[in-house]
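Each chain is listed here by its residues.
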Amino acid sequence: MSLLQAAYLLAALVLLVLATRQGRLHVFLALVIAAVGFGYASGMSTSHVGKAFGLGFAQSLNGLGLTVLTAAILAEIADATGATAWLQAQARARRWRSLPVALVGLVASVASTPGAAFAILTPLRRGLGADTPRSALAMALALSAGHGLLLPAPVMLASMTILGADWRLALAYGVPVALLSLLVGLAMARFAASGDPRPVDTSAIVDSSLHAPGRAALALALTSAVLVAMLITQSLGDIASEPLGGGSNREFLIALGRPLILLLVGAGLMVVLTGHWHADGFGEQGWAGRGLVRATGLVLLIGAAGGLQKIAQDTGMPEMNAERLLDWVPPAPFTLLLPFAVAAVVKTLQGSSLVAAITASGMMMELMEPLGLGSSGGRALAALAVGAGSMTFSHINDGLFWLTGEAGRWRPGGTLARFSLGTLVQGVVALAALLLLGVFCIAA
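The structure contained in this document is the topic of the report that follows. Residue positions are counted from 1 within each chain, in the order its sequence is given. Local features in this predicted model are restricted to residues whose pLDDT is 70 or higher, and side-chain atom pairs enter the listing and the counts only when it is 80 or higher, whereas totals over whole chains, interfaces and linings include all residues. Hydrogens are left out, water is left out, and the side-chain values use all remaining heavy atoms of the structure.

## Let's talk about the overall build of the protein chain
Part 1 of the argument: Think of it this way: any DSSP run of H or I at least four residues long counts as a helix, any run of E at least two long counts as a strand, and we number them from the N terminus. Helix and strand content of the protein chain: 19 helices and 0 strands.
Part 2 of the argument: For the protein chain, the spread of C-alpha atoms along the principal axes amounts to about 70 × 50 × 50 Å.
Part 3 of the argument: Exposed residues in this analysis have more than 50% of their type's maximum accessible area, buried residues have under 20%, and partly exposed residues fall in between, with area computed by a 1.4 Å probe over protein chains only. Here the protein chain holds 444 residues, and the buried ones make up 58% of them.
Part 4 of the argument: The contact criterion used is simple: two residues touch if any of their non-hydrogen atoms lie within 4.5 Å. In the protein chain, once contacts between residues fewer than 6 apart in sequence are set aside, the share between residues at least 24 apart is 82%.
Part 5 of the argument: Each accessible area is a Shrake-Rupley result for a 1.4 Å probe, and residues are judged covered by the shown protein chains and nothing else. When the accessible surface of the protein chain is summed, it comes to about 17400 Å², and 67% of that surface belongs to carbon and sulfur atoms.
Part 6 of the argument: If you average the places of the 25 positive and of the 20 negative side-chain charges in the protein chain, the two averages end up 10 Å apart. None of His or the chain ends enter the tally, which takes Lys and Arg as positive and Asp and Glu as negative. Note on charges: their place is set at NZ of Lys, CZ of Arg, CG of Asp or CD of Glu.

## Considering the packing of aromatic side chains
Part 1 of the argument: Any two rings among Phe, Tyr and Trp, with Trp reduced to its six-membered ring, count as a pair given centres within 6.5 Å; such a pair is stacked if its planes are under 30 degrees apart, edge-to-face if over 60, and tilted if neither. Counted under the stated rule, the structure contains 2 aromatic pairs.
Part 2 of the argument: Each ring, one from F401 and one from W402, has its centre 5.0 Å from the other, and the planes form 85°; the classification is edge-to-face. The residues F401 and W402 share a single accessibility class, namely buried.

## Points about the nonpolar core
Part 1 of the argument: Here, the term nonpolar core denotes a set of buried Ala, Val, Leu, Ile, Met, Phe, Trp, Tyr and Cys residues that are joined through side-chain atoms within 4.5 Å. One finds L31, V68, L336 and W402 to be the most contacted residues of the largest nonpolar core, which totals 135 residues.
Part 2 of the argument: It is helix 3 (residues 46-80) that contributes the most residues to this core, 13 residues altogether.
Part 3 of the argument: Residue contacts for L336: discarding those within four places in its chain leaves L373, L381, A382, A385, L431, L434 and L435.

## Regarding the packing of helix 1 (residues 2-20) against helix 19 (residues 412-441)
Part 1 of the argument: Packing of helix 1 against helix 19 brings their axes to within 8 Å, and their N-to-C directions diverge by 125°. By the angle between their directions, the pair helix 1 and helix 19 is classed as oblique. Each of L13, L16, V17 and T20 in helix 1 lies in contact with helix 19, whose residues at this interface are P412, G413 and L416.
Part 2 of the argument: Split by residue class, the contact of helix 1 with helix 19 holds 5 nonpolar, 2 polar and no charged. Here, axes are lines fitted to C-alpha atoms. For helices the fit covers the stretch in contact, and angles between N-to-C directions go from 0 to 180 degrees. When an angle is under 35 degrees it counts as roughly parallel; over 145 it counts as roughly antiparallel; between 65 and 115 it counts as roughly perpendicular; any other value is oblique. Three classes are used: nonpolar for Ala, Val, Leu, Ile, Met, Phe, Trp, Tyr, Cys and Pro, charged for Asp, Glu, Lys and Arg, and polar for all others, with Gly counted as polar.

## Describing helix 4 (residues 83-91)
Part 1 of the argument: Every buried residue belonging to helix 4 is among A83, T84, L87, Q88 and A91, and all of these are buried. All buried residues of helix 4 project into a common sector of 125° when viewed along the axis, lining one side. Each direction from the helix axis to a C-beta atom contributes to the arc, which is the arc of those directions.

## Thoughts on helix 9 (residues 167-192)
Part 1 of the argument: Multiplying 1.5 Å by the residue count of a helix minus one yields the expected span of that helix. In this model helix 9 runs 35 Å from its N-terminal to its C-terminal C-alpha over 26 residues, within 8% of the 38 Å that 1.5 Å per residue would give.
Part 2 of the argument: One axis fitted to the seven residues ending at a residue, another fitted to the seven starting there: the angle between these axes is the bend at that residue. Remark: the principal bend of helix 9, roughly 30°, maps to G174, with a proline, P176, within the next four residues.
Part 3 of the argument: Within helix 9 the residues assigned to the buried category are A170, Y173, G174, V177, A178, S181, L182, V184, G185, L186, M188 and A189.
Part 4 of the argument: Packed against the buried residues of helix 9 are helix 5 (98-108), helix 7 (133-147), helix 8 (154-163), helix 17 (376-390) and helix 19.
Part 5 of the argument: Here a polar contact is taken to be a pair of N or O atoms separated by no more than 3.5 Å, where protein atoms must pair a possible hydrogen donor with a possible acceptor and residues adjacent in sequence count only if both atoms sit in side chains. With a side-chain oxygen positioned 2.7 Å from the backbone nitrogen of R168, the residue opening helix 9 is D166.

## Brief notes about the pattern of salt bridges
Part 1 of the argument: Think of a salt bridge as a Lys or Arg side-chain nitrogen and an Asp or Glu carboxyl oxygen that are within 4 Å of each other. All chains considered together, the criterion is met by 10 salt bridges.
Part 2 of the argument: Connected through shared salt-bridge partners, E76, D79, R125, R126, D131, R290 and R294 make up one network.

## Regarding the packing of helix 3 against helix 13 (residues 287-315)
Part 1 of the argument: Between helix 3 and helix 13, the shortest axis-to-axis distance is 5 Å and the interhelical angle comes to 150°. On the basis of the axis angle, helix 3 is roughly antiparallel to helix 13. The hand of the helix 3/helix 13 crossing is right-handed.
Part 2 of the argument: When the residues that make up the contact of helix 3 with helix 13 are grouped by side-chain class, the tally is 24 nonpolar, 8 polar and 6 charged. Take the far helix as the reference: if the near one is turned anticlockwise from it by less than a right angle, the crossing is left-handed, and if turned clockwise, right-handed.

## A look at unusual backbone geometry
Part 1 of the argument: Cis geometry marks the peptide bond from L151 to P152; its omega dihedral reads 10°.
Part 2 of the argument: Note that P152 resides in the loop between helix 7 and helix 8.
Part 3 of the argument: Look at F393: it is not a glycine, yet its phi comes out positive at around 60°.
Part 4 of the argument: On the basis of relative accessibility, which here comes to 26%, the residue F393 falls in the partly exposed class.
Part 5 of the argument: In this structure, R409 is a non-glycine residue whose phi angle is positive, near 65°.

Set out below in structure tokens:
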């Protein structure tokens, strides 16, 4: 039954791409129909489908959806103060506009979720990368590469903790593999996405702020850095050993990355640092109203993706299909294929990278010694293989997929051909690099 359910999910994905290819069916409606159809086909009752979809929808709105709203408001303030236009003017003089965007993405990849980091960095990316589809793809793939391979990203923290890996070795092995994956992502972005910029709408620029667009650009950069730092601090608060304190201290660290706090801090910082106190800015026709309008469609898509993700999780299908792989014993040089494959299956079928890492690590925990991965080097590489697999093949059940598609101005089929394929290629390259490291390091 689990294999049949996986086939139903694939059918839902294909039908969604076909239905939205010519724009004859709105993407949000297509995604809702795909989620509900998958639930029914998988044998769920009407009440279960409704409950699971509603819960996933609400959780996604409360999490990534509110973060997207924060980013939209920051983008509107940046546009109104001339910051975006000023940064785009500077970017046009650079040949490699995607490189700084990708490097920023790699640093931010250790934040609590790659989707939240992408959303928060979108206003800055629109300036630094001239708002090109190529810059959107480069940043998304950089975030995906780093989140599965670098500490203290939650995916790596989970796999490392469960498998008992040494964080020093995980860091030493993970950094070069992440950099290699970054280069692969840049190459994919260069050849698969357009470099045509999307100029900012200057009609929203307030005259009184035109004298200091450089100051506004600096304010945008500082605000983005603060918000990303808050997301990274939230990741540190999730470390099991709680190096930054326990109890109320730990709760405070985690709270720093909550979407509501990001919204209040981000909007407040931008208004204060830019001096953008225009009276109409807080109204329906100002940056607040325009931000809400800008974010609405994308927020609904993210909610629907969360609904599909929750339905898939409730079927139990991802875990059951992953368990089918546990009887497979790869030959000695390729033992890392198993943790990678288990994580990739769970990620592909249910959408959450963190759930995939926790599930795959739990399944692999008792297999470390039988597979010859019981050494410190073997455990570190196995944790990295789980992390790489957990970021492989992002598609319609992942909020980052929809964020990337909106930023790149692609329909779902175009996003699959660029971003989803890019995460798959990055995963395979990362696995190949880990296998090569394993030849020299598993005995360590």
